[in-house]
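Close look at the chain arrangement
Chain by chain, the residues:
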Amino acid sequence: MRTVKAWAATAATEPLTPTTIERRDVGENDVLIEIAYAGVCHSDIHTARAEWGDVPYPLVVGHEIAGTVAEVGSAVTTHAVGDRVGVGCLVNSCGECEQCRAGNEQYCPDQIGTYAAKDRDGSITQGGYSTHVVVDADFVLRIPEGIGLDVAAPLLCAGITTWSPLRRWGVGPGSKVAVVGLGGLGHMGVQLAVALGAEVTVLSQSLKKQEDGLALGASEYRATSEESTFTDLRGEFDLILSTVSAELPIRQYMAMLAPEGTFVNVGAPVEPFEVPAFSLIMGGKSLSGSNIGGIPATQEMLDFCAEKGIGAQVEVIPAEKVNEAWDRVVASDVRYRFVIDAATI
Ligand code: NAP
Ligand code: ZN
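The present account deals with the structure reproduced in this document. For clarity, every value in this text was computed on a predicted model and none was experimentally measured.

Remarks on the side chain of threonine 298
Turning to its location among the elements, threonine 298 is positioned in helix α10 (residues 295-308). Classification of threonine 298 as buried rests on a relative accessible area of 4%. For threonine 298, the residues in contact, after removing those within four places along its chain, are Leu141, Leu156, Ile160 and Gly293.

Here it is as structure tokens:
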């Protein structure tokens, strides 16, 4: 065991505070990572504030981890000391089921999340708001040269979560895609869809971030506070990707889909959606969801980002600013991902 520094949540209503946690010894298939940066995902906030259910406090969140390999186990052949690596939302899975064999670890019933999950040894996994982490080598991704570790960190969740549905629904040249919500996930979704060749519209609550959205490659940017947005864009999109962290009147969005279009929800508010049958029946539309993505797809996305020169737009913060940053994320006041400098933890 080694004792490392971290910032932890101790209760739903308390700010994060500095602490120490134990990391396991490096097993034969493990990698010890010296964390350089940890992205702040809205899921960290939903989780720590107990919006999704009970929390095993004290808990260290963070599942957008980028750093350098500091030690490898004797059986590890895929990573070496000094390599630039990342860890996303998963740190293990059964490795044997049909889904794992297909590279869809995110569907494995025995998947182990990077934080708040029961690990193989019975302990609760602790995430990336920390200086070091020990992870099974199969769940460690390579960060290609050419992407800074700070801008790479958010790719490990925000990147793969938006990449996965864009690929599943075959987005490419000729696709008309709308991305709802220009936050951490949304700004990655826009960049990735544009790089795949799609024509992209941002649907945001206001026009405050219009200039940024267009600079990210969107060809149109519309405010959902304007009723005309919904009428002007009726029947327009093949795919609507919602990254909204709060309740959304989905029926209004279904009307903006072209026939046989799909609304994919990746945002994770707590309240159920209300969708009238006719908004699906007419036009043969689909409503779907998507959960992060598998390990092979995550590597594919990282390699694609390096090739296309894509990264997250980040605001690097010292750990002591994390509580303030969380409040700003909740207020949709982030451009476009906070990333904690692990050297300040
Ligand atoms: P974020 O940075 O806070 O972005 C969410 C965006 O949603 C905001 O920037 C805002 O964009 C929009 N929004 C917020 N409140 C809204 C409201 N009341 N009505 C309409 N739009 C609103 O969060 P994130 O880190 O990107 O995460 C987004 C959601 O995805 C969270 O719920 C998170 O838990 C979830 N998530 C899911 C997965 C998955 O695998 N499915 C993975 C990671 C995260 P505008 O200001 O542009 O309107
Ligand atoms: Zn996340």
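Quick look at the pattern of salt bridges
Here the structure, examined in full by the defined rule, presents 13 salt bridges. When the shortest N-O distance is used, the salt bridge between glutamate 145 and arginine 84 registers 3.7 Å. A residue pair is termed long-range when its members are at least 10 positions apart, and glutamate 145 in the loop between β9 (141-142) and α3 (149-152) and arginine 84 in strand β5 (residues 84-87) qualify at 61 residues. Residue glutamate 145 is classed as exposed on the basis of its relative accessible area, which comes to 64%. You can call arginine 84 partly exposed: its relative accessible area is 21%. In this structure, arginine 335 engages aspartate 212 in a salt bridge whose closest nitrogen and oxygen atoms are separated by 3.1 Å. Residue arginine 335 is located in the loop between α11 (322-330) and β17 (337-341), and its partner aspartate 212 is located in helix α6 (residues 210-215); the two are separated by 123 residues in the primary sequence. A residue is classified by how much of its surface remains accessible, and aspartate 212, at 22% relative accessible area, is partly exposed. Salt bridges linked by common partners bring Arg24, Asp30 and Asp119 together as one network.

Some thoughts on the nonpolar core
Tyr129, Leu166, Val177, Val190, Leu192, Trp326 and Ile340 are the most contacted members of the largest nonpolar core, which has 91 residues in total. The two domains that each donate at least three residues to this core are domain 1 (2-157 + 293-344) and domain 2 (159-289). Leucine 192 has contacts with Gly159, Thr162, Trp163, Leu166, Phe304, Cys305 and Ile310, leaving out every residue within four places of it along the chain. Counting 15 residues, the second largest nonpolar core, distinct from the first, contains Leu203, Leu233, Phe237 and Val244.

Examining the environment of tyrosine 57
With respect to the helices, strands and loops of the structure, tyrosine 57 is situated in the loop between α1 (42-48) and β4 (65-72). Overall, the relative accessible area of 27% leaves tyrosine 57 in the partly exposed class. Separated by 197 residues in sequence, tyrosine 57 and methionine 254 place their C-alpha atoms 39 Å apart. Ignoring sequence-local partners within four residues, the contact set of tyrosine 57 consists of Ala9, Thr10, Ala11, Ala12, Ala48, Arg49 and Ala50. At 3.1 Å, the side chain of tyrosine 57 and the backbone nitrogen of alanine 12 are in polar contact.

Thresholds, definitions, all that
Residues numbered from 1 in each chain as written. Chains lettered and ligands numbered in written order. Predicted model: local features only at pLDDT ≥ 70, side-chain atom pairs only at ≥ 80, totals over all residues. Heavy atoms only, no water. Helix = DSSP H or I, 4+ residues; strand = E, 2+ residues; numbered from the N terminus. Buried < 20%, exposed > 50% of the residue type's maximum accessible area, 1.4 Å probe, protein only. Contact = heavy atoms within 4.5 Å. Salt bridge = Lys/Arg side-chain N within 4 Å of Asp/Glu carboxyl O. Core = buried A, V, L, I, M, F, W, Y, C linked by side-chain atoms within 4.5 Å. Domains from an automatic or database assignment. Polar contact = N/O pair within 3.5 Å; in protein donor to acceptor, adjacent residues only side chain to side chain.

Nothing here speaks to function; it is all geometry.
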